Amino acid sequence: MGEERMLKWFAYSHLPAHLQEVSKPFGELAALLAESIEPGPERTVAFRKLLEAKDAAVRAKLTPGG
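What counts, and at which threshold
- Residues numbered from 1 in each chain as written.
- Predicted model: local features only at pLDDT ≥ 70, side-chain atom pairs only at ≥ 80, totals over all residues.
- Heavy atoms only, no water.
- Helix = DSSP H or I, 4+ residues; strand = E, 2+ residues; numbered from the N terminus.
- Buried < 20%, exposed > 50% of the residue type's maximum accessible area, 1.4 Å probe, protein only.
- Contact = heavy atoms within 4.5 Å.
- Areas by Shrake-Rupley, 256 points an atom, 1.4 Å probe, with all protein chains shown as cover.
- Phe/Tyr/Trp six-rings, centres within 6.5 Å; stacked < 30°, edge-to-face > 60°.
- Axes fitted to C-alpha atoms, helices over the stretch in contact; angles between N-to-C directions.
- Parallel < 35°, antiparallel > 145°, perpendicular 65-115°, else oblique.
- Polar contact = N/O pair within 3.5 Å; in protein donor to acceptor, adjacent residues only side chain to side chain.

Caption draft 1: Looking closely at the overall build of the chain. For the chain, the count of helices and strands is two helices and zero strands. Across the 66 residues that make up the chain, the buried fraction comes to 27%. Sequence separation of at least 24 residues holds for 66% of the intrachain contacts in the chain that already meet a minimum separation of 6. Carbon and sulfur atoms make up 58% of the accessible area of the chain, which amounts to about 4700 Å² in all.

Structure representation (structure tokens):
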């Protein structure tokens, strides 16, 4: 299906272990989306919302309750 440019934002190997455990499932789901859904506007929206959720989860891990 071609290279998905947004996948770079779901990389997690550079993160410390405690953040990798939060980020990894989002990266895996992003890869699945890239493999299984044809490119188009709704797929782009799915990537953006998944990225937003991943970023929020990592922030929540960094600052519990905050």
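Here the narrative resumes.
Caption draft 2: Structural view of the environment of W9. Relative to the elements of secondary structure, W9 occurs in the segment before helix 1 (17–36). For W9 and R48, which are 39 residues apart along the polypeptide, the C-alpha to C-alpha distance reads 9.9 Å. With residues near it in sequence (within four places) discarded, W9 still touches L51 and K54.

Caption draft 3: Up close: the packing of aromatic side chains. Summed over the entire model, instances satisfying the criterion amount to one aromatic pair. Centre to centre, the rings of F10 and F47 are 6.3 Å apart; their planes meet at 50°, and the pair counts as tilted. Taken as a pair, F10 in the segment before helix 1 and F47 in helix 2 (residues 41–62) lie far apart in primary sequence, 37 residues in all. Given the relative accessible area of 3%, F10 is considered buried.

Caption draft 4: Fine view of the packing of helix 1 against helix 2. The N-to-C vectors of helix 1 and helix 2 enclose an angle of 175°; their axes lie 9 Å apart at closest approach. On the basis of the axis angle, helix 1 is roughly antiparallel to helix 2. Of the residues in helix 2, those touching helix 1 at H18, L19, E21, V22, S23, F26, L29, A30, L33 and A34 are R43, A46, F47, L50, A53, K54, A57, V58, K61 and L62.

Caption draft 5: How the structure looks around the side chain of R43. Relative to the elements of secondary structure, R43 occurs in helix 2. Using a relative accessible area of 5% as the deciding quantity, one classes R43 as buried. Of the polar contacts made by the side chain of R43, one reaches the backbone oxygen of A34; its length is 3.2 Å.

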